[in-house]
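Topology and contacts: notes
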Amino acid sequence: MRKGKIIIIAGPSGSGKTTLHQRLLLSGRFKRKLIKSISATTRVRRRGERDGRDYLFLSRAQFLQRIKSGFFLEWKKVFNDFYGTPKKAAEKLLKAGKNVLLCIDVQGAREVTRQYPEAVKIFIKAPSMAEVKRRLIARGSETKKDLARRLAVARRELREAKRYDYVLVNDNLTECAKKLKAIVSSQI
Ligand code: ADP
Ligand code: 5GP
């Protein structure tokens, strides 16, 4: 059986990665072919998020223990919290010929590319920083301080776009989701 591919969706906080990958997974076209890797994180759960579906929510001690035991394919500290991609689940899926979707930050994307140079990398950005700010405020998930940190990091992360196979500007959501589906279709 052909080995599956890794598809990475990365980009600054507030660019729309979560919204877009959820739309992608809802599409019948990718059913059973594209599986989202569930990351682990130490950050607090947002309203509506479910453990094991959106993230594996771990305490710091649990996360650090898993780093030690080699549980992660990659892990990074993002905005003061830890985030990581579980290794075994991804490897098992790839071996079974499934394609694995990673929705991770740009540092993690670099690490995954180092290990899997053939991974397909898609960068998502919002039309402007003002729009990122507006969306993060509307999402209402961060404190003022966290919001400022996310915006500062977003500016820096935008410079990474040139390393990606595809760059999508998430202005009109429907249009962007359509483009994303077309890219993924062409790759798997
Ligand atoms: P990320 O996962 O990259 O941090 P989200 O998918 O959580 O971003 O999107 C941030 C906020 O912006 C969410 O409240 C989402 O509903 C909203 N959003 C996403 N895409 C668009 C868009 N094209 N137009 C307007 N709002 C959007
Ligand atoms: P959020 O707290 O908004 O869900 O995510 C914050 C950032 O962490 C986002 O850029 C998100 O893509 C990233 N992220 C989520 N899971 C992982 C992961 O497993 N590894 C890395 N490196 N980043 C992740």
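The paragraphs below set out a description of the structure included in this document. On a predicted model such as this, the values are computed, not experimentally measured, just so you know.

At a minimum axis separation of 10 Å, helix α1 (residues 17–26) and helix α7 (residues 173–187) run at an interaxial angle of 60 degrees. Viewed along their axes, α1 and α7 adopt a mutual orientation that is oblique. For the pair α1 and α7, the crossing hand works out as right-handed. From α1, Thr 19, Leu 20, Arg 23 and Leu 24 reach across to α7, where they touch Leu 173, Thr 174, Cys 176, Ala 177, Leu 180, Lys 181 and Val 184. Grouping the constituent residues of the contact of α1 with α7 by class yields seven nonpolar, two polar and two charged.

Here Glu 49 shows up in the loop between β3 (40–41) and β4 (56–57). Residue class for Glu 49 comes out buried when judged on its relative accessible area of 17%. Residues Glu 49 and Arg 23, 26 residues apart in the sequence, show an inter-C-alpha distance of 16 Å. Ignoring anything within four residues of it in the chain, the contact list for Glu 49 reads Arg 43, Val 44, Asp 54, Tyr 55 and Phe 57. Here Arg 43 takes part through its side chain, which lies 2.8 Å from a polar atom of the side chain of Glu 49. Reaching out from Glu 49, the side chain makes a polar contact with the backbone nitrogen of Arg 46 at a distance of 2.8 Å.

With that settled, consider the layout of surface pockets. Here the largest pocket is characterised by a volume of approximately 1,000 Å³. For the largest pocket, the lining is made up of 42 residues, of which Lys 17, Thr 18, Arg 46, Tyr 55 and Arg 139 are closest to its centre. Ranked by residue count, the leading element in the lining of the largest pocket is α1, at six residues. Counted by class, the lining of the largest pocket contains 12 nonpolar, 14 polar and 16 charged residues. As a volume, the second largest pocket reaches approximately 300 Å³. Lining of the second largest pocket is provided by 17 residues; of these, Arg 43, Val 44, Arg 46, Ser 141 and Glu 142 occupy positions nearest its centre. Those elements giving two or more residues to the lining of the second largest pocket turn out to be β6 (81–86) and α6 (144–157). The element contributing the most residues to the lining of the second largest pocket is α6, with three residues. A breakdown of the residues in the lining of the second largest pocket according to their chemical character gives three nonpolar, three polar and 11 charged.

Strand pairing within a sheet occurs via backbone hydrogen bonds; the two strands may be parallel or antiparallel. Sheet architecture is open: five strands sit in the order β2-β7-β1-β8-β9, paired in parallel fashion. At either margin of the open sheet sits one strand with a lone partner, and together these are β2 (34–36) and β9 (166–169). On average, each strand axis in the sheet is tilted by 25 degrees relative to the strand beside it, whichever way the strands run. With four bridges joining them, strand β8 (residues 120–125) and β9 adopt parallel strand pairing. Bridge pairing links Lys 125 to Val 169 in β9. Running over the sheet, helix α4 (residues 106–115) touches β1 (6–10), β7 (99–103) and β8 and is turned about 160 degrees from β1.

Let's shift gears to the site of ligand 2. In the vicinity of ligand 2 lie 18 residues, with Ser 39, Arg 43, Tyr 55, Glu 74 and Tyr 83 positioned nearest. At 2.6 Å from an oxygen atom of ligand 2 is found a side-chain nitrogen or oxygen belonging to Tyr 55. Within the side chain of Asp 105, a nitrogen or oxygen atom sits 2.7 Å from a nitrogen atom of ligand 2. Listing elements by their share of the shell around ligand 2, those giving two or more residues are β5 (72–78) and β6. Each residue belonging to the shell around ligand 2 can be placed in one class, and the counts come to six nonpolar, four polar and eight charged.

Analysis parameters
- Residues numbered from 1 in each chain as written.
- Chains lettered and ligands numbered in written order.
- Predicted model: local features only at pLDDT ≥ 70, side-chain atom pairs only at ≥ 80, totals over all residues.
- Heavy atoms only, no water.
- Axes fitted to C-alpha atoms, helices over the stretch in contact; angles between N-to-C directions.
- Helix = DSSP H or I, 4+ residues; strand = E, 2+ residues; numbered from the N terminus.
- Parallel < 35°, antiparallel > 145°, perpendicular 65-115°, else oblique.
- Left-handed = near helix turned anticlockwise from the far one by under 90°.
- Contact = heavy atoms within 4.5 Å.
- Nonpolar A, V, L, I, M, F, W, Y, C, P; charged D, E, K, R; others polar.
- Buried < 20%, exposed > 50% of the residue type's maximum accessible area, 1.4 Å probe, protein only.
- Polar contact = N/O pair within 3.5 Å; in protein donor to acceptor, adjacent residues only side chain to side chain.
- 1 Å grid on protein atoms, 1.4 Å probe; cavity = no way out; pocket = protein on both sides within 12 Å on 5 of 7 lines; lining within 4 Å.
- Points joined across faces, edges and corners; volume = space filled by probe spheres on them.
- Pairing = 2+ DSSP bridges.
- Near = heavy atom within 4 Å.

Any link to function would need more than the numbers given here.
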